[in-house]
Amino acid sequence: QKEVEQNSGPLSVPEGAIASLNCTYSDRGSQSFFWYRQYSGKSPELIMFIYSNGDKEDGRFTAQLNKASQYVSLLIRDSQPSDSATYLCAALTGGGNKLTFGTGTQLKVEL
Amino acid sequence: DTGVSQNPRHKITKRGQNVTFRCDPISEHNRLYWYRQTLGQGPEFLTYFQNEAQLEKSRLLSDRFSAERPKGSFSTLEIQRTEQGDSAMYLCASLPGGTYGYTFGSGTRLTVV
């Protein structure tokens, strides 16, 4: 079992819709979780992080964490074509010393 | 300089050759990480430094890989006797102590032919 799992997609949503990206993790000791966006051929860029159960909002992005279910999600409201990218979920593991990434979910926002 | 700088951006090498990549972190970031990413996969941890000390190295990393961070500033990653399976994007990230939101460099794309 991988430490961080994501559906590879692609996930297709129409412009203006809400995109929901999901991630599960296996290490109950993981405390913090991160979402990165990666455009094709580019390096990952940090969108947001979450470490408390519940929701955390930042502009059009909302991260959700449920530690009991070991589940993290990212909601993107009012999706735009420029949001089309691969979204990587990462958990802080290894005693809190490094991030372990999932394989990423490819999001396509269609006009 | 406000970002993490990696050089070269692209490297094509023949199988069996040695290659070295350089990473210049954000000034005063004491933690520096190396990751490798292949197509369709997430970044995979290779090693990390706190200042000049290499604190962890992935078990997946063969002895053909070595990394250094002299004086706790820039870092180099060397791959000896390259193999086709080493073809990947090599990413460097840095961060200040106490936070874990990595800032990645642009990466070095290695192609072994």
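Here is what the cut-offs are and how they apply
- Residues numbered from 1 in each chain as written.
- Chains lettered and ligands numbered in written order.
- Predicted model: local features only at pLDDT ≥ 70, side-chain atom pairs only at ≥ 80, totals over all residues.
- Heavy atoms only, no water.
- Pairing = 2+ DSSP bridges.
- Helix = DSSP H or I, 4+ residues; strand = E, 2+ residues; numbered from the N terminus.
- Disulfide = S-S within 2.5 Å.
- Buried < 20%, exposed > 50% of the residue type's maximum accessible area, 1.4 Å probe, protein only.
- Axes fitted to C-alpha atoms, helices over the stretch in contact; angles between N-to-C directions.
- Contact = heavy atoms within 4.5 Å.
- Buried area = accessible area lost by both parts, 1.4 Å probe.
- Salt bridge = Lys/Arg side-chain N within 4 Å of Asp/Glu carboxyl O.
- Polar contact = N/O pair within 3.5 Å; in protein donor to acceptor, adjacent residues only side chain to side chain.
- Nonpolar A, V, L, I, M, F, W, Y, C, P; charged D, E, K, R; others polar.

Q: Requested: an account of the sheet that holds strand E7 (residues 61-66) of chain A, with residues and values cited.
A: Residue and element names in this part refer to chain A. Pairing within the open sheet is antiparallel, and its 5 strands lie in the order E1-E3-E8-E7-E6. The open sheet has two edge strands with one neighbour each: strand E1 (4-5) and strand E6 (54-58). Where E7 and strand E8 (residues 71-76) come together, 6 bridges link them in antiparallel fashion. By the bridge assignment, Thr62 is partnered in E8 with Leu75.

Q: Lay out the state of the cysteines with the relevant residues and their values.
A: Going through the model one piece at a time under the given rule, you end up with 2 disulfides over all chains. Disulfide partner of Cys23 of chain A: Cys89 of chain A, at an S-S distance of 2.1 Å. Measuring the twist about the S-S bond at about -70°, one finds the Cys23 of chain A-Cys89 of chain A disulfide to be left-handed. Of this pair, Cys23 of chain A sits in strand E3 (residues 19-25) while Cys89 of chain A sits in strand E9 (residues 85-93), and the two are 66 residues apart along the sequence. Assigned by exposure class, Cys23 of chain A and Cys89 of chain A land together as buried. Between Cys23 of chain B and Cys92 of chain B runs a disulfide, and the two sulfur atoms are separated by 1.9 Å. Negative torsions about the S-S bond denote left-handed disulfides, and the value of about -70° found for Cys23 of chain B with Cys92 of chain B makes this one left-handed. Here Cys23 of chain B is found in strand E3 (residues 19-24), whereas its partner Cys92 of chain B is found in strand E9 (residues 88-95), with 69 residues between them in sequence. Summarising the burial analysis for this pair, Cys23 of chain B and Cys92 of chain B share the class buried.

Q: Tell me what's going on with the sheet that holds strand E7 (residues 65-68) of chain B, and back it up with residues and numbers.
A: Residues and elements named next belong to chain B. Here we have 4 strands laid out as an open sheet, ordered E1-E3-E8-E7, and antiparallel in their pairing. Each having just a single partner strand, strand E1 (5-7) and E7 make up the two edges of the open sheet. Taking each pair of neighbouring strands and ignoring which way they run, the sheet shows an average axis angle of 15°.

Q: Explain the interface of chain B and chain A to me, using residue names and the numbers behind them.
A: Taken together, the contacts link 20 residues of chain B with 17 residues of chain A. With both sides pooled, the region where chain B packs onto chain A buries about 1400 Å², and carbon together with sulfur makes up 54% of that total. The largest share of the area that chain B buries against chain A comes from Tyr100, Tyr102 and Phe104 of chain B, three residues that together contribute 33% of it. For the pair chain B and chain A, the number of links is 1 salt bridge. Across the pair Glu56 of chain B and Lys98 of chain A runs a salt bridge, and its minimum N-O distance is 2.8 Å. The interface formed by chain B and chain A contains 7 residue pairs in polar contact (both at pLDDT 80 or more). Of all the elements in the fold, those that place two or more residues in the side of chain B that touches chain A are strand E4 (31-37), strand E5 (44-50) and E9 of chain B. The biggest single contributor to the side of chain B that touches chain A is E4 of chain B, with 4 residues. Within the side of chain B that touches chain A, the residues separate by chemical class into 10 nonpolar, 7 polar and 3 charged.

Q: Got a sec to walk through the pattern of salt bridges? Specific residues and values, please.
A: Using the criterion set out here, one finds 8 salt bridges over all chains in the structure. A salt bridge links Arg37 of chain A to Glu45 of chain A, with the shortest nitrogen-to-oxygen separation between them at 3.3 Å. Measuring nitrogen to oxygen at the nearest pair gives 3.2 Å for the salt bridge that ties Arg36 of chain B to Glu44 of chain B. Within this structure, Arg64, Glu83 and Asp86 of chain B form a network of salt bridges that share partners.

Q: Break down the environment of Thr38 of chain B for me, with residues and values.
A: Residue and element names in this part refer to chain B. Among the structural elements, Thr38 can be located in the loop between E4 and E5. Residue Thr38 is classed as partly exposed on the basis of its relative accessible area, which comes to 33%. The sequence separation of Thr38 and Ala88 amounts to 50 residues, and the corresponding C-alpha distance is 4.9 Å. In contact with Thr38, other than residues within four places in its own chain, are Ser87 and Ala88.

Q: A description of unusual backbone geometry should follow, citing residues and the corresponding values.
A: Between Gly9 of chain A and the following residue, Pro10 of chain A, the backbone shows a cis peptide bond with an omega angle of 10°. Mapped onto the secondary structure, Pro10 of chain A falls in the loop between E1 and strand E2 (11-14). Cis geometry marks the peptide bond from Asn7 of chain B to Pro8 of chain B, where omega comes out at -5°. The phi dihedral of Glu28 of chain B is positive, around 75°, even though this residue is not glycine. Structurally, Glu28 of chain B can be placed in the loop between E3 and E4. Accessibility expressed as a relative area gives 80% for Glu28 of chain B, which makes it exposed. Even without a glycine there, the phi angle at Lys71 of chain B is positive, about 60°. Relative to the helices and strands, Lys71 of chain B resides in the loop between E7 and strand E8 (75-79). Classification of Lys71 of chain B as exposed rests on a relative accessible area of 81%.

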